[in-house]
Amino acid sequence: FPKRTEKVTSGMRAEDGAYKSLELNYQDEVFDVQSATDGSDDVILVSPKKPSKSQLAIEAGLLWGRDGLIGKKNNTITGQFPARSISVGTTAQPVEDAYITSTDPVIIVSLTNEVGIYTGKSRTLNEIKSIIAKKRTLQEDRVSRYGDLSEPFKAMQTILAWNTIYDAPNHRVIAPVSRNWSNGWGGFVLFDWDTYCASYMQSLFDKNLAYANAIEITKAITPTGFIPNFQAPFGYSSWDRSQPPIGSTIILEIYNRYREKWFLEEVYNELLTWNRWWPKHRDVKGYLAWGSDDVPLNKYRPDNSINTMQGAKYESGLDNSPMYDDVPFNKQAGTMDYADVGLMSEYVMDCNSLAAIADILGKKTDAKELKERSGKYGEKLGSLWDDSTGIFLNKRLDNGAKSFRLSPTNFYPMMAKVATQKQAETMMAKHYFNPAEFYGEFVMPSIARNDPAFKDNDYWRGRIWAPMNFLVYLGMQHYDLPLARKDLIEKSKALLMKSWKEDGSIYENYNGTTGQGDDVNSADGFYHWGALLAFMSFIEKGYLEPKHK
């Protein structure tokens, strides 16, 4: 919120809320705020960096329309609920303030010194500090187990924990991309590939959250049969477009870690329906193209991108990529006239992963169907290899013209295992390690450095995005490319840690030249998929190996 006067820097947080911390800067004053659980009770410690003239308002209200009564008696806030009673007290002596703006039950205390707040039994300031110190030590010990990856783990786990929320109307715990985005969408927003990426990262340290997010975005499937671009409150969803089909691959990886077959059974039908949807709705002359169907406008939030080129770009996940600047859109078909290397690679990978899931579940007929589709589209993807440039190229389907505008998606056929070893080596030598295109101190820009759009430094026009690096890395895993693989992993981690060490930020995207995230307004400073830049290191070091071999 750039117009707000306060600045909140999120600190270490356990995903179950056992310990939380943040720093608040407000009108030249700085406060450390920590909280912890103590059984069924909560304690909070507010520590001003210097004696403050400000006051702290401790207030309570009923969230989500729940039943209950809240009041105040003898400097204690009380709550009576169907299943329990809660009392809230403070270690400081309350002060009277007749002009406080709150109309809720409230306690006002001075912030001249540290203040403790507690629920349940009365606690002293020292008791609260002791509880918080113990829980902080437990979280620090947990982080330290990752050795030289301790700080990257703290960054990744912290951002996922802070962006985990309770969606009360739907009775579920989810991890939207960021709290800013959730606020802008009226409570929450789940994006397709963003949420799958979050669930994969969560599988490193919290199985239940990984399951929850992967299942919830999969169950958001539309009546037409695809996982939508987004899901938001009031039943608002993108019924015209999907997003990159990486769900089956990530769900298979989570299964491989925990080996609980019920998880695959829970989402299998939706994943198969989604896989079948692509060739029915996005096949153009045997290739796959991004699209946006002609559907009625949603009454809650009109979307003028429906059945437009912009809607198709949203489906790609690359909202303003210069790859699509001059590509025609066929409104009748609802698709770009464009054979897209990225989509076809993701789809073939999806077929391969879902076929493996079908085999695990004993669905032999489905597995055969999926392998046949993988072969069909894999062959068409292979035909997009251009020997003269040494990379797979997108192609116009209205006139057959090749597109020489390169992005990391041109490397994606490695994910689909369509590229040969020689082709993979050629792409690395000619393009990845080429400083005129993708190489540099910071990698990989979302369009080649020598593309005219790189200098735009606007969203997918030149900035670095963690999911692109991550998907290229997944492809590299299938080939003998030790130098490129090591380089991508190390530079991606260094990029993440640059802003994390500076101010605790993890950005939605980064400047391709300077590595800065805060140089534009279109890069949320606490966006969870930015942590994919470090997640590759955990996969590489074996931390995602099966829990039970």
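Residues numbered from 1 in each chain as written. Predicted model: local features only at pLDDT ≥ 70, side-chain atom pairs only at ≥ 80, totals over all residues. Heavy atoms only, no water.

1. Observations concerning the overall build of the chain
Scanning the chain from N- to C-terminus turns up 14 helices and 23 strands. When burial is assessed residue by residue, the chain has 56% of its 549 residues classed as buried. Long-range pairs, those at least 24 residues apart, make up 63% of the contacts in the chain between residues at least 6 apart in sequence. Only carbon and sulfur atoms are counted for the fraction: they give 50% of the accessible area of the chain, which is about 23,400 Å². Put simply, the chain has 64 plus and 69 minus side-chain charges, and the middle of one group is 3 Å from the middle of the other. (Helix = DSSP H or I, 4+ residues; strand = E, 2+ residues; numbered from the N terminus. Buried < 20%, exposed > 50% of the residue type's maximum accessible area, 1.4 Å probe, protein only. Contact = heavy atoms within 4.5 Å. Areas by Shrake-Rupley, 256 points an atom, 1.4 Å probe, with all protein chains shown as cover. Lys, Arg positive; Asp, Glu negative; His and termini not counted. Charge placed at Lys NZ, Arg CZ, Asp CG, Glu CD.)

2. Comments concerning the packing of aromatic side chains
Taken as a whole and judged by the stated rule, the model has 39 aromatic pairs. Arranged with centres 4.2 Å apart and planes meeting at 20 degrees, the rings of Y146 and F153 form a pair that is stacked. Note on accessibility: Y146 and F153 belong to one class, buried. With a centroid separation of 5.0 Å and 85 degrees between ring planes, the pair formed by Y432 and F433 is classed as edge-to-face. Put simply, the rings of W181, W185, F191, W193, F230, Y236, Y459, W460, W465, Y527 and W529 touch in pairs and so form one group of aromatic residues. (Phe/Tyr/Trp six-rings, centres within 6.5 Å; stacked < 30°, edge-to-face > 60°.)

3. A few points about the state of the cysteines
Within this structure, the stated rule accounts for zero disulfides. With no disulfide of its own, C197 has C351 as its nearest cysteine by sulfur position, at a separation of 19 Å. (Disulfide = S-S within 2.5 Å.)

4. Focus on the sheet that holds strand β8 (residues 85-90)
Taken together, the eight strands give an open sheet; going across it, the order is β1-β2-β3-β4-β10-β8-β7-β6, and neighbouring strands pair in antiparallel fashion. Both outer strands of the open sheet, β1 (7-13) and β6 (69-73), are each paired with one neighbouring strand and no more. Taken over all neighbouring pairs, the strand axes of this sheet differ in orientation by 15 degrees on average, direction set aside. Relative to strand β3 (residues 29-38), strand β2 (residues 19-26) runs antiparallel, the two being bridged by eight bridges. Bridging from a neighbouring strand, L22 pairs with V33 of β3. Together, β1, β2, β3, β4 (41-48) and β10 (115-119) form the strand contacts of helix α1 (residues 125-144), whose direction differs from that of β3 by roughly 85 degrees. This element, helix α2 (residues 150-162), spans β1 and β2 of the sheet and lies at about 115 degrees to β1. (Pairing = 2+ DSSP bridges. Axes fitted to C-alpha atoms, helices over the stretch in contact; angles between N-to-C directions.)

5. Re α2
Turn by turn, an α-helix covers 3.6 residues, leaving residues three or four places apart pointing in a common direction. The end-to-end C-alpha distance of α2, which contains 13 residues, comes to 18 Å, matching closely the 18 Å that a straight helix rising 1.5 Å per residue would cover. Of all 13 residues making up α2, eleven are buried, and the element is well covered by its neighbours. When we look at burial in α2, the residues that qualify are S150, P152, F153, A155, M156, Q157, T158, I159, L160, A161 and W162. (Expected span 1.5 Å × (residues − 1).)

6. Side note on the confidence of the model for the chain
Per-residue confidence for the chain gives a mean pLDDT of 95, with 98% of residues at or over 70. Per-element confidence in the chain is highest for strand β22 (residues 391-392), whose mean pLDDT is 99, and lowest for strand β15 (residues 236-237), whose mean pLDDT is 92. (pLDDT = per-residue confidence, 0-100.)

7. Here's the deal with the pairing of strand β7 (residues 76-80)
By the alternation rule, side chains of β7 split into I77 and G79, which are all buried, and T76, T78 and Q80, of which none is buried. Here β6 pairs with β7 via five bridges, running antiparallel. From the neighbouring strand, I70 faces β7, where its bridge partner is G79. The hairpin formed by β6 and β7 contains two residues between the paired strands, and N74 there has a positive phi angle of roughly 50 degrees. One ladder, built from four bridges, connects β7 with β8; its direction is antiparallel. The partner of I77 across the bridge, within β8, is V88. The turn linking β7 back onto β8 is made up of four residues.

8. Some details on the pattern of salt bridges
Tallied over the full model, the rule gives 33 salt bridges. Across the salt bridge formed by D451 and R405, the nearest N and O atoms sit 2.7 Å from each other. Linking D451 in the loop between α11 (421-432) and α12 (466-476) with R405 in the loop between β23 (395-396) and α11, this pair joins segments that are 46 residues apart in sequence. One network of salt bridges, in which partners are shared, links D325, R405, D451, D456 and R461. (Salt bridge = Lys/Arg side-chain N within 4 Å of Asp/Glu carboxyl O.)

9. With respect to the packing of α2 against helix α13 (residues 482-503)
Contact geometry for α2 and α13: axes closest at 10 Å, N-to-C directions at 70 degrees. Here α2 lies roughly perpendicular to α13, going by the angle between them. Along the contact surface, α2 presents E151, P152, K154, A155 and T158, while α13 presents K493, L496, M497 and W500. Residue classes in the contact of α2 with α13 are distributed as five nonpolar, one polar and three charged. (Parallel < 35°, antiparallel > 145°, perpendicular 65-115°, else oblique. Nonpolar A, V, L, I, M, F, W, Y, C, P; charged D, E, K, R; others polar.)

10. Observations regarding the nonpolar core
Residues F411, M414 and F535 are the most contacted members of the largest nonpolar core, which totals 154 residues. With eleven residues, the single largest contributor to this core is helix α9 (residues 341-360). Beyond its immediate stretch of four places on either side in the chain, F411 contacts I391, M427, M428, H431, Y432, F438, M444 and V472. The next biggest cluster of nonpolar side chains, apart from the first, holds 13 residues, and it includes L56, I58, I77 and V88. (Core = buried A, V, L, I, M, F, W, Y, C linked by side-chain atoms within 4.5 Å.)

11. Section: helix α4 (residues 192-202)
Across the eleven residues that make up α4, a large majority, eleven, are buried. Residues D192, W193, D194, T195, Y196, C197, A198, S199, Y200, M201 and Q202 constitute the buried set of α4.

12. Structural notes on the packing of α4 against helix α6 (residues 247-258)
At a minimum axis separation of 10 Å, α4 and α6 run at an interaxial angle of 10 degrees. Classified by the interaxial angle, the pair formed by α4 and α6 is roughly parallel. For the pair α4 and α6, the crossing hand works out as left-handed. Of the residues in α6, those in contact with Y196, C197, S199 and Y200 of α4 are G247, I250, I251, E253 and I254. (Left-handed = near helix turned anticlockwise from the far one by under 90°.)

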